[in-house]
Amino acid sequence: MASYLSKEEEKQRNFAAISSLVVGVILMLLKFWAYNMTGSEAVHSDALESIVNITTAALAIFVIYYAAKPVDTDHPYGHGKVEYFSSAFEGGLISFAAVYITIDAVRALIGRHELQKLDTGLIIVLAAGIVNLLLGLFLIKKGIKNKSLALKASGHHVISDFVTSAGVVIGLIIVKMTGLVWLDPVIAIIVGLYLAFTGLKLVKESVGGLLD
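Residues numbered from 1 in each chain as written. Predicted model: local features only at pLDDT ≥ 70, side-chain atom pairs only at ≥ 80, totals over all residues. Heavy atoms only, no water.

Visitor: Lay out the overall build of the chain with the relevant residues and their values.
Guide: Tallying secondary structure elements over the chain gives 6 helices and 0 strands in all. Walking the chain from its N terminus toward its C terminus, one meets helices and strands in the order α-α-α-α-α-α. A buried classification covers 47% of the 212 residues belonging to the chain. By sequence separation, contacts in the chain at least 24 residues apart represent 77% of the contacts at least 6 residues apart. (Helix = DSSP H or I, 4+ residues; strand = E, 2+ residues; numbered from the N terminus. Buried < 20%, exposed > 50% of the residue type's maximum accessible area, 1.4 Å probe, protein only. Contact = heavy atoms within 4.5 Å.)

Here you go:
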């Protein structure tokens, strides 16, 4: 069955995707600023995930444009399936980031590192997390309304970013209260494992959609 989008639906999809990209870039810069300020591996893991957010947001803009193309002789049912490829690619990127974060955190756990200016860093990460929560809910709402798997996948990923930010904040508060600096890379490892689970789940759902 062919899939058709109205001009308004296409416009809303594009607006949501571009908004996600712009906000993602701003939040990534804030998180890396917080990482440089604190030296925290947990904050670093959160910042690295933001790079995935930006990459997938940029990809979503192309996917939404391509999925809106009308049916042709090679695609009698439209181009909507490309959104499943986008979702699978996003899941793969999340999983790759999870591996990198975990390896980096293990190295920090074995070695020694110092934390500084945790108060300011925590405020930045918390603020970025709240913005991600609002952005994720916005993307999911637009994805459901405009029947866009790419937007819904991006929304769920952005919300998972909020979850990791919240975990990082809670963990670093514990570090600050107890003085147990080794908990910082442990938190980063937990974040990495959580992201790996999220990424693999997204890939599995996307492959299921491609195979109907």
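Visitor: Let's hear about the pattern of salt bridges: which residues, and what values?
Guide: Any two side chains of opposite charge can pair, so long as their charged atoms come close to each other. Scanning all chains against the criterion turns up 3 salt bridges. Residue K31 pairs with D46 through a salt bridge whose shortest N-O separation is 3.3 Å. Separated by 15 residues along the polypeptide, K31 in helix 1 (residues 7-38) and D46 in helix 2 (residues 41-67) bring together distant segments of the chain. Side by side, K31 and D46 carry an identical accessibility label, which is buried. The shortest N-O distance in the salt bridge between K31 and D161 comes to 3.1 Å. With K31 in helix 1 and D161 in helix 5 (residues 149-178), this residue pair connects regions lying 130 residues apart in the sequence. Assessed through its relative accessible area of 0%, K31 is described here as buried. Beyond isolated ion pairs, a larger network of salt bridges with shared partners links K31, D46 and D161. (Salt bridge = Lys/Arg side-chain N within 4 Å of Asp/Glu carboxyl O.)

Visitor: I'd like a description of the nonpolar core, backed by residues and values.
Guide: Core analysis: the largest hydrophobic core is formed by 24 residues, its most contacted members being V43, V125, V168, L172, I187 and L195. Secondary-structure elements contributing two or more residues to this core are helix 1, helix 2, helix 3 (82-110), helix 4 (118-145), helix 5 and helix 6 (183-210). Setting aside residues up to four positions removed in sequence, V168 forms contacts with A42, V43, D46, V125, I187 and V191. Core analysis: the next-biggest nonpolar cluster, separate from the first, contains 6 residues, A16, A17, L135 and L139 among them. (Core = buried A, V, L, I, M, F, W, Y, C linked by side-chain atoms within 4.5 Å.)

Visitor: An account of unusual backbone geometry is requested, with residue identities and associated values reported.
Guide: Residue K117 is not a glycine yet carries a positive backbone phi of 50°. Tracing the sequence through the fold places K117 in the loop between helix 3 and helix 4. K117 sits in the exposed class, given a relative accessible area of 59%.

Visitor: So what's going on with a nonpolar patch on the surface? Which residues, and what values?
Guide: Taken together, I18, V22, I26, L30 and W33 make up a surface patch of nonpolar side chains, about 470 Å² in accessible area. Considering the arrangement of structural elements, one finds W33 in helix 1. (Patch = residues over 30% accessible without salt bridge, like charges linked within 9 Å, V, L, I, M, F, W, Y side chains within 5 Å. Areas by Shrake-Rupley, 256 points an atom, 1.4 Å probe, with all protein chains shown as cover.)

Spatial relationships are all this shows, so hold off on functional conclusions.
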